[in-house]
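Residue-level structural notes
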There are 2 protein chains.
Amino acid sequence: MARTGRRPGPGRTREKILAAARSQFAKSGFESTTIRGIAAGAHVDPKLVLHYFESKEGIFQAAMDFPFDPAQAIPELLRPGLDGLGVRLARFFIDIWDSPAGVRAHAIVRSMVTSESAAALMRDFVSREILARVAQALELDHPQVRASLAASQLIGLAMLRYVVKVEPLASAPPAKLAAWIGPTLQRYFTDPHATRP
Amino acid sequence: MARTGRRPGPGRTREKILAAARSQFAKSGFESTTIRGIAAGAHVDPKLVLHYFESKEGIFQAAMDFPFDPAQAIPELLRPGLDGLGVRLARFFIDIWDSPAGVRAHAIVRSMVTSESAAALMRDFVSREILARVAQALELDHPQVRASLAASQLIGLAMLRYVVKVEPLASAPPAKLAAWIGPTLQRYFTDPHATRP
């Protein structure tokens, strides 16, 4: 891949890659976007893209300012087994929103609600990178139903606690919230009847 | 209350009242807004406001284009008792979103996410008019915790089904969805342990 003119510094190259990634993700969605396409858009070698971001998920996470890395976080959450997964996942999710990274989570929710393309992009990413990872690790039927039901309880809690700020959810300590919604997530993940109408 | 000039027709009067209501609700919130204040803002007699809208809740519902009347719907949902309340409530909620009124529900969610004052207004209304009504009818402790947890599951389902459109939630038939999340709502409403960390 030809580079013309002065070679930009590392900070500028990273920014150029991220700008190209944002544009490609927005245009083509998560699935259809490739490392090669992003590299071409940024006029850099694909190897340089991988050097900075390691994977397509890594670029997406950086481009969208996604508050955690699912490739690392999901296996860690699942490692201790299904026992207690509901409370662990609830606590992990609440701790992110309560941390400084919560601002970014809030921005993502806002963009999903106001932009169809942002919603589609995030849907792709969340389905493939989060729900599919969790679903794969589950030993029961209908893993995609289970994972998306759990996601619905988590996103609803975020809406009421952080966006609409309904009490007592807005002020409750994280451990209490995790104890309240943990059993719901646990049931979605592990109850054989949870997905049978 | 003095009226000057030509008396406006009924359609215009209704619109004037709604405009005054929107402005007062946005400025003062749901609780602090009064029928008298709205009437003064619209330069009409408070009796005329009541003639058109019956109650402050009625004006709010019309001003915000709220998709159902909680004063009527909540008692109807609760009348058959706690048995099966979770599935009934889930189905009621999903049916509204699936109906033409779902467009208005979507608009309300969008405004809550993008505007702090819209979020505060809706929080007031939902807490007083929906959650408090449900909480009052519950026979267990911590009714406000129970009602807001149930609301979190409902709003999260709406986010994933209608806004982000995650499968299989986006395409599942209403009866299936109600069967999936109904037991969650039921547990929040009736399980003695649901609110004890």
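Calculation rules
- Numbering of residues begins from 1 in every chain and follows the order in which that chain's sequence is written.
- To label them, take the chains in the order written and letter them from A, then take the ligands in the order written and number them from 1.
- Per-residue local features are limited, in this predicted model, to residues with pLDDT of at least 70; the limit for side-chain atom pairs, both in listing and counting, is 80 or more; totals at the level of whole chains, interfaces and linings are taken over all residues.
- Only hydrogens and water are removed before side-chain values are computed, so all heavy atoms of the structure are retained for them.
- Centres within 6.5 Å make a pair out of two Phe, Tyr or Trp rings, where for Trp the six-membered ring is used; the pair is then stacked when the planes are under 30 degrees apart, edge-to-face when over 60, and tilted otherwise.
- Segments assigned H or I by DSSP are reported as helices when at least four residues long, segments assigned E as strands when at least two residues long, and all are numbered from the N terminus.
- Working definition: with a 1.4 Å probe on protein chains only, accessible area under 20% of the residue-type maximum means buried, over 50% means exposed, and in between means partly exposed.
- An automatic or database domain assignment supplies the start and end points of every domain.
- Contacts are assigned to residue pairs that have any heavy atoms within 4.5 Å of one another.
- Put simply, a salt bridge is a Lys or Arg side-chain nitrogen that is within 4 Å of an Asp or Glu carboxyl oxygen.
- Between N or O atoms, a polar contact is any pair within 3.5 Å; within protein, one atom must be a potential hydrogen donor and the other a potential acceptor, and residues adjacent in sequence are included only when both atoms are from side chains.
- Ten residue types, Ala, Val, Leu, Ile, Met, Phe, Trp, Tyr, Cys and Pro, are classed as nonpolar, four, Asp, Glu, Lys and Arg, as charged, and the remainder, Gly among them, as polar.
- Least squares is used to superpose the copies, and the fit set is the C-alpha atoms of residues whose pLDDT is at least 70 in both copies.
- Buried area counts how much accessible surface, traced with a 1.4 Å probe, disappears from two parts once they are put together, with both parts' losses summed.
- Simply put, an axis is a line fit to the C-alpha atoms, just over the touching stretch for a helix, and the angle between two N-to-C directions goes from 0 to 180 degrees.
- An angle below 35 degrees is read as roughly parallel, one above 145 as roughly antiparallel, one from 65 to 115 as roughly perpendicular, and any other as oblique.
- We call a crossing left-handed when the near helix sits turned anticlockwise from the far one by less than a right angle, and right-handed when that turn is clockwise.

Our next topic: the packing of aromatic side chains. Residue and element names in this part refer to chain A. Throughout the structure, instances matching the rule amount to 12 aromatic pairs over all chains. Aromatic pair phenylalanine 93 and tryptophan 97: ring centres 6.2 Å apart, planes at 50°, arrangement tilted. Here phenylalanine 93 and its partner tryptophan 97 are both found in helix H6 (residues 85-98), four residues apart, which amounts to about one turn of the helix. The buried category is assigned to phenylalanine 93, whose relative accessible area is 17%. The class for tryptophan 97 is buried, based on a relative accessible area of 9%. Through successive ring pairs, a cluster of aromatic residues spans Phe66, Phe68 and Phe92.

With that settled, the discussion passes to the domain arrangement of chain A. Residues and elements named next belong to chain A. For chain A, the assigned domains read domain 1 (10-63) and domain 2 (70-190). For domain 1 and domain 2, the distance between their C-alpha centroids amounts to 26 Å. Of the residues lining the interface, seven residues belong to domain 1; the matching set on domain 2 comes to eight residues. The interface formed by domain 1 and domain 2 contains zero salt bridges. Along the contact surface separating domain 1 from domain 2 lie zero residue pairs in polar contact (both at pLDDT 80 or more). Elements supplying a minimum of two residues to the side of domain 1 that touches domain 2: helix H1 (10-32) and helix H4 (56-63). Top element by residues in the side of domain 1 that touches domain 2 is H1. It accounts for five residues. Here the residues of the side of domain 1 that touches domain 2 sort into four nonpolar, one polar and two charged.

Before going further, it helps to spend a moment on the relation of the copies chain A and chain B. In screw terms, the move from chain A to chain B is a rotation of 180° and a rise of 0.0 Å along the axis, fitting with an RMSD of 0.1 Å. Within this description, the copies of the chain are treated as partners about a two-fold rotation axis. Identified as the residue of chain A closest to the rotation axis by C-alpha distance is Gly156(A), at 1.7 Å. Take the interface residues of chain A: 100% of them recur as interface residues in chain B, which is what a same-surface contact looks like.

Another aspect to go through is the pattern of salt bridges. Taken as a whole, this structure holds six salt bridges over all chains when the rule is applied. A salt bridge links Asp98(A) to Arg161(A), with the shortest nitrogen-to-oxygen separation between them at 3.0 Å. On the criterion of sequence distance, the pair formed by Asp98(A) in helix H6 and Arg161(A) in helix H9 (residues 143-163) is long-range, its members being 63 residues apart. Put simply, Asp141(B) and Arg146(B) hold a salt bridge, and the shortest N to O gap is 2.7 Å. According to the relative accessible area criterion, Arg146(B) is buried, its value standing at 0%.

The next point concerns the interface of chain A and chain B. Facing 41 residues of chain A, the contacting portion of chain B comprises 41 residues. Summed over both partners, the interface of chain A with chain B buries about 3,400 Å², with 68% contributed by carbon and sulfur atoms. Considering only the surface of chain A that becomes buried against chain B, Val113(A), Val164(A) and Trp180(A) emerge as the three largest contributors, covering 18% of it. Across the chain A-chain B interface, the total number found is zero salt bridges. Elements represented by at least two residues in the side of chain A that touches chain B include exactly helix H7 (102-114), helix H8 (116-137), H9 and helix H10 (174-190) of chain A. The leading source of residues in the side of chain A that touches chain B is H9(A), at 13 residues.

The contact between H9(A) and helix H9 (residues 143-163) of chain B brings their axes to 7 Å, and the two run at 115°. With respect to each other, H9(A) and H9(B) are oriented roughly perpendicular. In the packing of H9(A) onto H9(B), the handedness of the crossing is right-handed. Contacts between H9(A) and H9(B) involve Ser148(A), Leu149(A), Ala151(A), Ser152(A), Gln153(A), Ile155(A), Gly156(A), Leu157(A), Met159(A) and Leu160(A) from the first element and Ser148(B), Leu149(B), Ala151(B), Ser152(B), Gln153(B), Ile155(B), Gly156(B), Leu157(B), Met159(B) and Leu160(B) from the second. Within the contact of H9(A) with H9(B), the residues separate by chemical class into 12 nonpolar, eight polar and no charged.

Residue and element names in this part refer to chain A. Omega for the bond connecting glutamate 167 with proline 168 falls within 30 degrees of zero, at 5°, which places this linkage in the cis form. Inspection of the secondary structure assignment puts proline 168 in the loop between H9 and H10. Phi at histidine 43 is positive, roughly 55°, even though this residue is not glycine. Relative to the helices and strands, histidine 43 resides in the loop between helix H2 (35-42) and helix H3 (46-53). Positive phi is not limited to glycine here, since lysine 165 has a value of about 60°. Mapped onto the secondary structure, lysine 165 falls in the loop between H9 and H10. For lysine 165, a relative accessible area of 34% puts it in the partly exposed group.

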